[in-house]
Amino acid sequence: MAIGADEMQAFLDGWQRLLAARCAEADVRRVMETPEGFDRALWGEIAALGITGLIVAPEHGGVGGGATELERVMEAAGAALLPSPLLSSGVLAAGLLGALGDAEAAARLLPGIADGSRIATVALTGPRARWIEDDVAVTAAPAGNGWQLDGAAAFVTHAEVADLLLVVARAPDGLGVFEVDPAAVATNALPAFDRTLRMADLTFAGTPATRLAGAIPAWEAVEAALDLARVAIAGEQAGGTRRVFEMTVDYAKARHQFGRAIGGFQAIKHMAADLLLESESCTSAARHAAERLAAGAEDAPQAIALAAFACADAFVHTTAQAIQMHGGIAFTWAHPAHLYLRRARADAQLFGTSDAYRERFVQALEQAR
Amino acid sequence: MTDDELIAETRAFLAANWAPGRKSSGEAYGRHPDSDFLQRVLDAGFAVPTWPRESWGRGLSAAQGKLIEREFAAAGAPGAGQDRSNLWANTAAAHAQPDFRSHIVPLLLTGRVGMCLLYSEPGAGSDLAGVRTRADRDGDDYVINGQKVWTSGAADADYGMLICRTDWDVPKHKGLSFFFLPMQQPGIDVRPLRQITDEAHFNEVFITDARVPAANMLGKPGDGWRVLMTALAYERSVMGDAARGPRSGKAGPKGDAALVELAREAGMLEDPVVRQEIARVTAYKILNRLNNARAKADMAQGNSSPIMSLGKLAMSRILHSEAALRTRLLGPQSMLEGPQHPCAEDANFLTLNAYFTSIGGGTDQIQRNIIGERVLGLPKEPELDRELPFREVKAG
Ligand SMILES: Cc1cc2nc3c(=O)[nH]c(=O)nc-3n(C[C@H](O)[C@H](O)[C@H](O)COP(=O)(O)OP(=O)(O)OC[C@H]3O[C@@H](n4cnc5c(N)ncnc54)[C@H](O)[C@@H]3O)c2cc1C
């Protein structure tokens, strides 16, 4: 870990202050209705704080943090429902460039990602959308001095606002990572149920591309980036779960029916107790996965798979119960519960389903014996 | 009349009045697009056949009523079985004063008036007996002041079934009265509320010096709670029987194998986890149907059935678990919405709209309390303010 504990706490405090000041519920609602889906001014401040470069190495202008710092940062972002390309640019793309080992590309591209001036995203799954190697549906062929790409990528997050696309494609000699100018790609924006999210399907047709050199096989680098993204999402889920849980318990203390606080009814009290278990388990899973990944532990894949489905399910379940426990008020657009439910449902799909991660988890258990 | 004669008569009526294959979009907040046809159904005595002859019916048994319903269902024709399903007409028929009753019930049975339920208030949801909207007598009228909320269909309604307080010096359940409040008048201000489904079916209703003739009161002053119990029982039984389907406009597969078909379309039918879930959710649906059929059979024998109270809770579980399964079938596609993604639109809409059943009409938690206390006879939860004069009850 490049950052000391005190320093980290101060960093998180600053982050939480920024979110409290600039990413309150009203801000989220305003920003999610804009075409870009994020606040560029706030993005600048997020970058100034070092969040966009959190996991970028110091020699490329980053903070040099790892999975544990990332997870904590994402807890706060999830609690605030931050709409931003942080996951796409500061996690997936930064993680991929960091893992791949193309020194020239890293030196050229990472500083802009770290200081927020360049927004990047990664196109890696095809229409089957399982975010696994088999599903890559873009092919690369040599063309002149460079390459050209054909095929399709699905559910590419923040593609529409990206200045830089990293595309995973099948070259004749195997999988590679390609740098592409987003302007050269046909982008079909996807209407998302989570209105804080931006996604698009991309179509490549003879699209010019530059191949990045890899010190490790491309899919290994992708998996390394995905692991960071999984931990980041788990953190977001833990933060979102806790915020919704707290909101609900506060309401159960404040709302009176039949002459007493509704939290006084065992039906509500028991639901709240169960949700505390969900929320704490979600946090434990996310933090544990982050620690194992940061430590390069042998059981990291198992811990990450566990977090991926446990946190996804906890967030969906908690937001769903929260609506029930609030009653009619949470059936209104003006109440924030559904915004969290929408985020929870997107987070439960991004980079793989709970069912798929349960399978991965069991496979990891099998291999561990 | 024998069963066979009745069936023959029903078929002849339908053959003469309902073209084969004609579709009906069904009732919405009291109004029905096929009201001319419904008038003929009413005149022929098929709308409420179990009611007495002098009250729009034919005095048939519930079992014979069921035969008529079955013929109508087979022809896809609306209007039969309203003696079970029309909450507005049943409530009015049971409790309205004679003149208003003979005026309003035929209109309700022919889908000619828009209706809404003015029950919930900001401070009185589950605790409905805590309503603070007031009615004060003024000559032949009552004057109404207060605020209602979550009022579905209020924007176009002609009447609202209103529960409000006429006596503040008696305990909360005793001082309530129930009215058919004319909605189209200056003292009523309806403001739509945007729902999580991004629709605006429900509303806030601000009532300021609105007037309602005393003749529109159902029951007597102070009878409001009893009338409300009739109305709520019909509402809950309807909610336990059916719910709003997908809204994509795509009809989608129907019947017991619907989820199998959806799974096949999604390419997920071979997934063993999906197969288990299809079994679980489809079983919930079939078992609810069987439960309801048994309850109706008991009722037809003149016996009350504890199963009647279970339908709404069962339906809530069905809707939430079916929405979760549809989400699972779609995987990442479920992140999408809009007309180009009808399956995702349906899965997401059904996920959200399931709360209509698990919160609306009394929450699942309240429903469980009712089953525990009224059906099973378990001790009641203590209610601190139950016996206090309402004037002394603190606002929620
Ligand atoms: C889609 C929709 C449509 C609606 N349409 C109408 C309409 O047309 N007309 C109308 O009048 N109302 C309507 N309602 C309102 C509905 O009836 C109320 O929302 C419902 O009764 C709950 O009341 P509340 O929202 O005030 O929640 P509250 O009563 O505040 O309940 C909050 C939570 O506390 C729980 N709770 C409360 N009391 C108890 C208890 N004693 N034991 C255990 N748990 C308890 C509830 O289960 C819930 O989880 C509608 C609601 C919805 C969602």
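Asks: Where do I start with the site of the ligand in this structure?
Replies: For the ligand, the set of nearby residues contains 31 residues, the closest of which are Arg255 and Gly328 of chain A together with Ser126, Trp150 and Thr363 of chain B. Residues close to the ligand are split across chains A and B. Ser126 of chain B is positioned with one of its side-chain polar atoms (N or O) 2.6 Å from an oxygen atom of the ligand. At 2.9 Å, a side-chain N or O of Gln365 of chain B approaches an oxygen atom of the ligand. When the ligand sits alone it has 970 Å² of accessible area, and the protein chains cover 95% of it. Those elements that provide at least two residues to the shell around the ligand are helix H8 (266–294) and helix H9 (300–326) of chain A together with strand S3 (141–152), helix H11 (342–359) and helix H12 (364–375) of chain B.

Asks: For this particular structure, what's the right way to read the packing of helix H1 (residues 5–22) of chain A against helix H4 (residues 67–80) of chain A?
Replies: Between two packed helices, both the angle of their axes relative to each other and the distance between the axes serve to describe the pair. Residue and element names in this part refer to chain A. Put simply, H1 and H4 touch, their axes get as near as 10 Å, and they point 20° apart. The angle between H1 and H4 falls in the class roughly parallel. Where H1 crosses over H4, the handedness of that crossing is right-handed. Packed against H1, whose contacting residues are Met8, Phe11, Leu12, Trp15, Gln16 and Leu19, the element H4 presents Glu69, Arg72, Val73, Ala76, Ala77 and Ala80 at the interface. Residues that form the contact of H1 with H4 fall into these classes: nine nonpolar, one polar and two charged.

Asks: I keep staring at the domain arrangement of chain A and nothing clicks. Help me out?
Replies: A common measure of how large an interface is: the accessible area buried when the components associate. Residue and element names in this part refer to chain A. The assigned domain composition of chain A is domain 1 (5–119), domain 2 (121–218) and domain 3 (221–368). Approximately 2,300 Å² of surface area, both sides summed, lies buried where domain 1 meets domain 3, with 71% of it carried by carbon and sulfur atoms. The tally of links from domain 1 across to domain 3 stands at two salt bridges. Applying the counting rule to domain 1 against domain 3 returns nine residue pairs in polar contact (both at pLDDT 80 or more). Listed by contribution, the elements that provide at least two residues to the side of domain 1 that touches domain 3 are helix H2 (25–32), H4 and helix H5 (86–100). Taken together, the residues of the side of domain 1 that touches domain 3 sort by class into 16 nonpolar, three polar and six charged.

Asks: Where do I start with the pattern of salt bridges in this structure?
Replies: Between side chains of opposite charge, pairing is possible as soon as their charged atoms come close. All names here are of chain A. Per the stated rule, a full pass over the model turns up 51 salt bridges over all chains. Here Asp313 makes a salt bridge to Arg358, at a shortest N to O gap of 2.9 Å. Placement of the pair is Asp313 in helix H9 and Arg358 in helix H11 (residues 354–368), with a sequence separation of 45 residues. With relative accessibility at 29%, the residue Arg358 sits in the partly exposed group.

Asks: Just to check I follow, could you spell out the packing of aromatic side chains for this structure?
Replies: Two measures describe an aromatic ring pair: the distance that separates the ring centres and the angle between the ring planes. All names here are of chain B. Taken as a whole, this structure holds 20 aromatic pairs over all chains when the rule is applied. Here the aromatic rings of Phe13 and Phe46 are separated by 5.1 Å at their centres, their planes lie at 65°, and the arrangement is edge-to-face. Linking Phe13 in helix H1 (residues 3–17) with Phe46 in the loop between helix H2 (35–43) and helix H3 (62–75), this pair joins segments that are 33 residues apart in sequence. Comparing Phe13 with Phe46 shows no difference in burial state: the two are buried. Plain terms: the ring middles of Phe13 and Phe72 are 6.2 Å apart, the flat faces sit at 25° to each other, and that makes the pair stacked. Of this pair, Phe13 sits in helix H1 while Phe72 sits in helix H3, and the two are 59 residues apart along the sequence. Overall, the relative accessible area of 11% leaves Phe13 in the buried class. Among the aromatic side chains, those forming a connected cluster through ring pairs are Phe13, Trp18, Phe37, Phe46 and Phe72. Positioned above the aromatic ring of Trp168, the side-chain terminus of Arg165 is 5.8 Å from the ring centre.

Asks: Would you take a moment to explain H11 of chain B for this structure?
Replies: For the α-helix, the turn length of 3.6 residues means that residues three or four positions removed from each other point alike. Residue and element names in this part refer to chain B. For H11, spanning 18 residues, the distance from its first C-alpha to its last is 26 Å, which sits close to the expected 26 Å at 1.5 Å a residue. The sharpest bend along H11 comes to roughly 30°, located at Thr351. Backbone geometry just after H11 places Gly361 at a positive phi near 70°.

Asks: How should I be thinking about the environment of Gln349 of chain A in this particular structure?
Replies: Relative to the helices and strands, Gln349 of chain A is located in the loop between helix H10 (337–347) and H11. Given a relative accessible area of 7%, Gln349 of chain A falls into the buried group. Ignoring anything within four residues of it in the chain, the contact list for Gln349 of chain A reads Trp131 of chain A together with Thr327, Gly331, Pro332, Ser334 and Met335 of chain B. Polar contacts involving the side chain of Gln349 of chain A include one to the side chain of Ser334 of chain B, which spans 3.5 Å.

Reading the values: rules and limits
Residues numbered from 1 in each chain as written. Chains lettered and ligands numbered in written order. Predicted model: local features only at pLDDT ≥ 70, side-chain atom pairs only at ≥ 80, totals over all residues. Heavy atoms only, no water. Near = heavy atom within 4 Å. Polar contact = N/O pair within 3.5 Å; in protein donor to acceptor, adjacent residues only side chain to side chain. Areas by Shrake-Rupley, 256 points an atom, 1.4 Å probe, with all protein chains shown as cover. Helix = DSSP H or I, 4+ residues; strand = E, 2+ residues; numbered from the N terminus. Axes fitted to C-alpha atoms, helices over the stretch in contact; angles between N-to-C directions. Parallel < 35°, antiparallel > 145°, perpendicular 65-115°, else oblique. Left-handed = near helix turned anticlockwise from the far one by under 90°. Contact = heavy atoms within 4.5 Å. Nonpolar A, V, L, I, M, F, W, Y, C, P; charged D, E, K, R; others polar. Domains from an automatic or database assignment. Buried area = accessible area lost by both parts, 1.4 Å probe. Salt bridge = Lys/Arg side-chain N within 4 Å of Asp/Glu carboxyl O. Buried < 20%, exposed > 50% of the residue type's maximum accessible area, 1.4 Å probe, protein only. Phe/Tyr/Trp six-rings, centres within 6.5 Å; stacked < 30°, edge-to-face > 60°. Lys NZ or Arg CZ within 6 Å of the ring centre and 35° of its normal. Expected span 1.5 Å × (residues − 1). Bend = angle between axes of the 7 residues up to and from the residue.

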